[in-house]
Amino acid sequence: AHADRLFQVHIADPAKLCLVLDCGGRARGVLMAHVGEHWFGAGRIASETVWFIDPEFRGPSAIKMMVEYEAWAASMGCAFVAMAMKGNDPKPAILYQRRGYAVTETHFWKPV
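Each value, and the rule that gives it
Per chain, residues are indexed from 1 in the order of the written sequence. A pLDDT threshold of at least 70 governs which residues receive local features in this predicted model, and a stricter bar of 80 or more applies before side-chain atom pairs are shown or counted, although totals over entire chains, interfaces and linings include all residues. The side-chain quantities take in all heavy atoms of the structure and omit both hydrogens and water. Only centres within 6.5 Å qualify two rings of Phe, Tyr or Trp (six-membered ring in Trp) as a pair; their planes then separate them into stacked at under 30 degrees, edge-to-face at over 60, and tilted for everything else. To sort residues, take the accessible area from a 1.4 Å probe on protein chains only and compare it with the maximum for the residue type: under 20% means buried, over 50% means exposed, and anything in between is partly exposed. Working definition: helices are DSSP H or I runs of at least four residues, strands are E runs of at least two. Numbering for both runs from the N terminus. When DSSP finds two or more bridges between two strands, those strands count as paired. All axes here are fitted lines through C-alpha atoms, helices being fitted over the stretch that makes contact, and every angle between N-to-C directions spans 0 to 180 degrees. Working rule for contacts: check all heavy atoms of both residues, and any pair within 4.5 Å makes them a contact. We count a salt bridge whenever a side-chain nitrogen from Lys or Arg sits within 4 Å of a carboxyl oxygen from Asp or Glu.

Peer 1: Explain the packing of aromatic side chains to me, please; I cannot follow it from the model alone.
Peer 2: The description of an aromatic ring pair rests on the distance of the ring centres and on the angle between the ring planes. The final tally for this structure, using the stated rule, is two aromatic pairs. Here the aromatic rings of Tyr96 and Tyr101 are separated by 5.8 Å at their centres, their planes lie at 45°, and the arrangement is tilted. Both residues of the pair, Tyr96 and Tyr101, count as buried. Pairwise contacts between aromatic rings join Trp51, Tyr96 and Tyr101 into one cluster.

Peer 1: Help me understand the environment of Pro92, please; the structure alone is not making it clear to me.
Peer 2: Locating Pro92 in the fold gives a position in helix α3 (residues 90-98). By relative accessible area, which is 23% here, Pro92 ends up partly exposed. The spacing of Pro92 and Ala62 is 30 residues in sequence and 9.9 Å in space, taken between C-alpha atoms.

Peer 1: What exactly am I supposed to notice about the sheet that holds strand β3 (residues 44-53) here?
Peer 2: Where strands meet in a sheet, backbone hydrogen bonds hold them as pairs that are either parallel or antiparallel. Pairing is mixed across the open sheet formed by four strands, whose spatial order is β1-β2-β3-β4. Edge positions in the open sheet fall to β1 (16-23) and β4 (80-82), since each of these has one partner strand only. Between one strand axis and the next, the sheet turns by 20° as a mean value, whatever way the strands run. Summarising the sheet, strand β2 (residues 26-37) and β3 pair through nine bridges and their orientation is antiparallel. Pairing of Val35 across the sheet is with Ala46, part of β3. Across the sheet, helix α2 (residues 60-75) touches β1, β2, β3 and β4, and the angle it forms with β3 is around 155°.

Peer 1: In this structure, what is going on with the pattern of salt bridges? I would like to understand it.
Peer 2: Side-chain pairs of opposite charge can arise where the charged atoms are in close proximity. A complete count under the given rule lists five salt bridges for this structure. A salt bridge links Lys16 to Asp13; its shortest N-O distance comes to 3.3 Å. Each of Arg28, Asp54 and Glu56 takes part in one network of salt bridges that share partners.

Peer 1: Would you explain the pairing of β2 in this entry?
Peer 2: Successive residues of a regular strand alternate their side chains across the two faces of the sheet. One ladder, built from eight bridges, connects β1 with β2; its direction is antiparallel. What sits directly across from Leu17, in β2, is Ala33. Between the end of β1 and the start of β2, which pair antiparallel, lie two residues, with Gly24 showing a positive phi angle near 65°. The loop that links β2 with its antiparallel partner β3 comprises six residues; one of these, Gly41, has a positive phi angle of about 80°.

Structure below.
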């Protein structure tokens with residue numbers, strides 16, 4: 001139910017984006033994002049909500065989704081786009097840096 005609400009909000013709200021990677025009529029990936037004002041006054045920023053691609057469909061599909069996301073962010077008047085990654089897998093970081101992204105901060109989480 002929560003995932004369905006997340007999809008519905010990202011489909012219906014013009015300040016949100018929902019890209020689905022369709023391969024042969026089957027969803028193999030999703031990139032959802034939202035636009036808002038940056039907390040520290042850096043202008044409008046597009047931030048990834050969730051991004052996942054089935055491992056066997058990664059590669060060029062990932063870049064195509066990022067290009068669409070970046071174009072959407074520009075069309076929304078954003079000064080920046082943001083992507084996140086979890087864990088220590090270097091592959092997303094390499095992809096992001098090749099596309100011109102820079103590391104801005106690292107978050108640490110602790111369950112309470």
